[in-house]
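Chain by chain, the residues:
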Amino acid sequence: MPAAYKAVIFDIGGVVLRSPFIGIAAYEKANGLPPNYLNCSIVGRGSQGAWQKFERGELPFSDFYEAFGRDLSDVTNGNEWYKVYCIRKAIPCPPLPESLKIDGREPMMREAQVYDPHIRNAILQIRATGRWKVIALTNNFQKAEVPDSERQFLGWTEGATPSHLLELFDDFCDSSTLGMRKPEPEFYLAACSRNNLKPHEAIFLDDIGINLKAAKQLGMTTIHVPIGGTLEAVKQLGLALGMDLVGSAGKQPKL
């Protein structure tokens, strides 16, 4: 018998919407950088990188591009973080850049605005039952004040969080609004507190291992959503909830 869950919590980029790493990978390939190099640079800075500060609403948009570009151009640290990544993944380390001058505007994740159809359909079906809360928990930029010209460039015609995305959820927990981000435990606990949940009463879906690890340590049931693996993740979610989220995939319930 399925556990007595009260909510399903979804990451946005890489789960509900197309993975932002697809755009980053394309940028790396176009500029001759090793796969995952930029992501290692972003993650390697821990909680104090420009990206992390921007997601918590601590860095204004006017300062973000310059600070982000400076972080990504730091090959001294970037190369060391990438070497550690290669060791962890047990892969040969390719030649690494001796210098970089990256415009922080260029790698921005403009392609991450497309819904994954399997996940969106699952959300609609779950909400239609009225049995579980459906919550978003996202490292995002909702609070950022972005000029109109940049909104067009980024595809954020309604800002970083369009109304049609907000309407999918019972609650939308945004890092830049709450001032905390995944994998900080406080962020998960805030989402639970806002919705009268205990962590073990929620299922959490994310595409990033460190975010899933933090949720699992708090007691949440976790489901990994790898690139190209959303259908399998939906099958796992359906089994956990005791409902078929795949066989009725052709049905598109409306809110």
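Structure's up top.
Attention in this report is confined to the structure presented alongside it.

Reading the values: rules and limits
Residues numbered from 1 in each chain as written. Predicted model: local features only at pLDDT ≥ 70, side-chain atom pairs only at ≥ 80, totals over all residues. Heavy atoms only, no water. Pairing = 2+ DSSP bridges. Helix = DSSP H or I, 4+ residues; strand = E, 2+ residues; numbered from the N terminus. Right-handed = clockwise from strand over helix to strand, strands pointing away. Salt bridge = Lys/Arg side-chain N within 4 Å of Asp/Glu carboxyl O. Buried < 20%, exposed > 50% of the residue type's maximum accessible area, 1.4 Å probe, protein only. Phe/Tyr/Trp six-rings, centres within 6.5 Å; stacked < 30°, edge-to-face > 60°. Lys NZ or Arg CZ within 6 Å of the ring centre and 35° of its normal.

1. What to know about the pairing of strand β5 (residues 221-224)
Move 1: Sheet topology note: the strand β4 (residues 202-206)/β5 ladder contains 4 bridges and is parallel. Each residue of the ladder has a partner; that of Ile203, found in β5, is Thr221.
Move 2: Crossover connection from β4 via helix α11 (residues 209-218) to parallel β5: handedness right-handed.

2. A few points about the pattern of salt bridges
Move 1: Counted under the stated rule, the structure contains 12 salt bridges.
Move 2: Taking the shortest distance from any N to any O, the salt bridge between Arg45 and Asp71 comes out at 3.5 Å. Note that Arg45 is positioned in the loop between α2 (37-44) and α3 (50-55) and Asp71 in helix α4 (residues 61-72), a separation of 26 residues in sequence.
Move 3: We classify Arg45 as partly exposed; its relative accessible area is 24%.
Move 4: Note that Arg194 and Asp171 form a salt bridge whose closest N and O atoms lie 2.6 Å from each other.

3. Remarks on the packing of aromatic side chains
Move 1: One pass over the full model with this rule turns up 12 aromatic pairs.
Move 2: Aromatic pair Trp51 and Phe64: ring centres 5.9 Å apart, planes at 50°, arrangement tilted. With Trp51 in helix α3 and Phe64 in helix α4, the pair connects residues that are 13 residues apart, well separated along the chain. Each of the two residues, Trp51 as well as Phe64, counts as buried.
Move 3: Ring plane angle 35° and centroid distance 5.2 Å describe the contact between Trp51 and Phe68, whose orientation is recorded as tilted. Of this pair, Trp51 sits in helix α3 while Phe68 sits in helix α4; the two residues are 17 residues apart in sequence, bridging distant segments of the chain. The residues Trp51 and Phe68 share a single accessibility class, namely buried.
Move 4: Pairwise contacts between aromatic rings join Trp51, Phe54, Phe61, Phe64, Tyr65 and Phe68 into one cluster.
Move 5: Of note, Arg120 hangs over the ring of Tyr115, and the distance from its end group to the ring centre comes to 5.6 Å.

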